[in-house]
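# Architecture at a glance
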Amino acid sequence: ASPEGCLVRNILTKWYEGKVCAWCGQPFGEIDWAGRKPALLGADGVSVEWSEVPADKLHETLAAASPVCFACHMANRLVREHPELAVDRARPKE
């Protein structure tokens, strides 16, 4: 109905509203679209940046995704892409 309502950023802002991070439980406040952007947790358990989702798949992706905060997304991305650089302090010492 309105051009503003169709903007991807506005759609995502509404989607994150009132939600908490799927991993750490932190609530989403105002979204910083210029810096610490939140991510999406797909059904496959992998988080992706919203810019990686094609616009024509946005609604379909959001229907199946969970919200993930920037910090959790970046930490899990580091572990996924560079496991040799990550230290899991939660593991019991051997």
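In the block above lies the structure referred to throughout.
What comes next concerns the included structure. (Residues numbered from 1 in each chain as written. Predicted model: local features only at pLDDT ≥ 70, side-chain atom pairs only at ≥ 80, totals over all residues. Heavy atoms only, no water.)

### Some thoughts on the pattern of salt bridges
Throughout the structure, instances matching the rule amount to two salt bridges. Among the salt bridges present, the one from Arg77 reaches Glu81, with a minimum N-O distance of 3.2 Å. On the criterion of helical spacing, the pair formed by Arg77 and Glu81 is a turn pair, its members being four residues apart in helix H4 (residues 70-81). What makes Glu81 partly exposed here is its relative accessible area of 43%. Connected through salt bridges with shared partners, the residues Glu49, Arg77 and Glu81 form a single ionic network. (Salt bridge = Lys/Arg side-chain N within 4 Å of Asp/Glu carboxyl O. Helix = DSSP H or I, 4+ residues; strand = E, 2+ residues; numbered from the N terminus. Buried < 20%, exposed > 50% of the residue type's maximum accessible area, 1.4 Å probe, protein only.)

### Points about helix H2 (residues 8-16)
Residues Ile11, Leu12, Trp15 and Tyr16 constitute the buried set of H2. End-on view of H2: buried residues confined to an arc of 125 degrees, all on one side of the axis. (Arc of directions from axis to C-beta.)

### So, the sheet that holds strand E3 (residues 66-68)
Ordered in space as E2-E1-E3, the three strands form an open sheet in which the pairing is antiparallel. Looking along the sheet, the strands with just one partner apiece sit at the ends: strand E2 (47-49) and E3. Between one strand axis and the next, the sheet turns through 35 degrees on average, direction left out of account. Direction of pairing for strand E1 (residues 39-41) relative to E2: antiparallel, over a ladder of three bridges. Note that in E2 the partner of Ala39 across the bridge is Glu49. Of the strands in this sheet, E1, E2 and E3 touch H4, which is tilted by about 115 degrees from E2. (Pairing = 2+ DSSP bridges. Axes fitted to C-alpha atoms, helices over the stretch in contact; angles between N-to-C directions. Contact = heavy atoms within 4.5 Å.)

### A few points about the nonpolar core
Core analysis: the largest hydrophobic core is formed by 18 residues, its most contacted members being Tyr16, Leu40 and Leu62. Elements supplying a minimum of two residues to this core: H2, E1 and helix H3 (58-64). In terms of residues, this core owes the most to one element, H2, which gives four residues. The contacts of Tyr16, once residues within four sequence positions are left out, are Phe28, Ile31, Trp33, Pro38, Ala39, Leu40 and Pro67. (Core = buried A, V, L, I, M, F, W, Y, C linked by side-chain atoms within 4.5 Å.)

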